[in-house]
Amino acid sequence: MVEAAKSGSPYRRIVLKISGEGFTRSGERGINMASVVALAEETYRAAQSGVQLAIVLGGGNILRGAQFSAGTTRIQPATAHYMGMLATVINGLAFQDALESLGVETRLVSAVPMEGVAEPHIHRRIQQHLEKGRIVILTGGTGRPFVTTDTAAAQAALEIGADILMKATKVDGVFSDDPAKNPHAILYSQISYRDVLRQNLRVMDPEAITKCAEHRLPIVVFNFRRPGNIERAVRGERVGTLITETETPVRESELSTTPT
């Protein structure tokens, strides 16, 4: 196994959740290969720290199951969720090729059986791939409807014994309010699971937060659109918002006076 002391990171094993927005330009849908390659290059540099890295992908750039929940009864909600799972596999195929073009050894895993393009989700096999230094790309959510990819990432992190769950998203971290609607929203450097749930801060699915809280698995939420953030997060540098058991929210503006 890769030892934390030899990896240049405080973590041995990480689950990184990448939002589907990472696979396209801001405000657009579908897959933009320039965006995929840029994301792969950042991930490649992060992997050079020697950590064991499993990546859970979203599929919102292609399709969100929730978009069928209103305005039509022709597609059942469960069907829409399965469509969203397939979208994550499409992202996974593009991401795998982009990573391997950089010389990275990867394995693509799908929780929805599709042996022609991806391995089945078998946690012992995933752990073996990680121990051999391969980046494992986890797609298909949990393989069941009505479960978000955030929750799939939390479950994967717990299942494979990750040290931390990292969510790469389009915002800088956890805010006191929606920063797109409230310019005075406060960005927290650190906050507790309980406060995230109590204040209904929707940066991550509440079910995912609850699972991590039950097992004291720390979460980091950060902006993947800021160059170098993935590498900094993986190396253990302060970036975005850390969610732990702490009961005292720490504002970003207080970092200069907050012990590290």
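Scroll up to find the structure.
Residues numbered from 1 in each chain as written. Predicted model: local features only at pLDDT ≥ 70, side-chain atom pairs only at ≥ 80, totals over all residues. Heavy atoms only, no water.

Enquirer: Teacher, can you tell me more about the pattern of salt bridges here?
Expert: Opposite charge on two side chains lets them pair, provided their charged atoms get close. Under the criterion given, the structure shown has 13 salt bridges. The network of salt bridges with shared partners includes Glu 105, Arg 107, Glu 119 and Arg 134. (Salt bridge = Lys/Arg side-chain N within 4 Å of Asp/Glu carboxyl O.)

Enquirer: What should I look at first to understand the packing of helix H5 (residues 149-159) against helix H7 (residues 206-214) in this one?
Expert: In helix packing, the relevant descriptors are the interaxial angle and the interaxial distance, both defined with respect to the helix axes. Contact geometry for H5 and H7: axes closest at 7 Å, N-to-C directions at 15°. Considering the angle they form, H5 stands roughly parallel to H7. Every pair of crossing elements has a handedness; the one defined by H5 and H7 is left-handed. Here Asp 150, Thr 151, Ala 154, Gln 155 and Leu 158 of H5 lie close against H7, whose contacting residues are Glu 207, Ala 208, Lys 211 and Cys 212. Class assignment of the residues belonging to the contact of H5 with H7 gives a composition of four nonpolar, two polar and three charged. (Axes fitted to C-alpha atoms, helices over the stretch in contact; angles between N-to-C directions. Helix = DSSP H or I, 4+ residues; strand = E, 2+ residues; numbered from the N terminus. Parallel < 35°, antiparallel > 145°, perpendicular 65-115°, else oblique. Left-handed = near helix turned anticlockwise from the far one by under 90°. Contact = heavy atoms within 4.5 Å. Nonpolar A, V, L, I, M, F, W, Y, C, P; charged D, E, K, R; others polar.)

Enquirer: Which parts of the structure should I look at to understand the pairing of strand E9 (residues 219-223)?
Expert: Of all five residues in E9, five are buried, a share of seventy percent or more. Note: strand E6 (residues 164-169) against E9, five bridges, orientation parallel. Bridging from a neighbouring strand, Lys 167 pairs with Val 221 of E9. Relative to strand E10 (residues 241-244), E9 runs antiparallel, the two being bridged by three bridges. The partner of Val 220 across the bridge, within E10, is Leu 242. (Buried < 20%, exposed > 50% of the residue type's maximum accessible area, 1.4 Å probe, protein only. Pairing = 2+ DSSP bridges.)

Enquirer: Is there a simple way to think about the nonpolar core in this case?
Expert: By size, the foremost hydrophobic cluster in this structure holds 33 residues, and its most contacted members are Leu 16, Ile 18, Phe 95, Met 166 and Phe 222. At the level of secondary structure, the elements contributing two or more residues to this core comprise strand E1 (13-18), helix H2 (33-47), strand E2 (52-57), helix H3 (77-100), strand E5 (135-139), E6, E9 and helix H8 (229-234). Sequence-distant contacts of Ile 18, defined by excluding residues within four places in its chain, comprise Phe 23, Leu 39, Thr 43, Ile 55, Val 56, Leu 57, Gly 58, Phe 95 and Ala 168. Within the second largest apolar cluster, 30 residues are counted, among which are Val 15, Ala 154, Ala 162 and Ala 208. (Core = buried A, V, L, I, M, F, W, Y, C linked by side-chain atoms within 4.5 Å.)

Enquirer: I would appreciate a short explanation of the packing of aromatic side chains in the present structure.
Expert: According to the stated counting rule, one finds one aromatic pair in the structure shown. Judged by centre distance (5.6 Å) and plane angle (80°), the rings of Phe 23 and Phe 95 are edge-to-face. With Phe 23 in the loop between E1 and H2 and Phe 95 in helix H3, this residue pair connects regions lying 72 residues apart in the sequence. Given the relative accessible area of 0%, Phe 23 is considered buried. Judged by relative accessible area, which is 0%, Phe 95 ranks as buried. (Phe/Tyr/Trp six-rings, centres within 6.5 Å; stacked < 30°, edge-to-face > 60°.)

Enquirer: Could you clarify how one ought to interpret a nonpolar patch on the surface in this entry?
Expert: Nonpolar side chains collect at one region of the surface, where Ile 31, Met 33, Val 37 and Ile 90 lie side by side and expose about 310 Å² of accessible area between them. Relative to the assigned elements, Ile 31 resides in the loop between E1 and H2. With relative accessibility at 35%, the residue Ile 31 sits in the partly exposed group. (Patch = residues over 30% accessible without salt bridge, like charges linked within 9 Å, V, L, I, M, F, W, Y side chains within 5 Å. Areas by Shrake-Rupley, 256 points an atom, 1.4 Å probe, with all protein chains shown as cover.)

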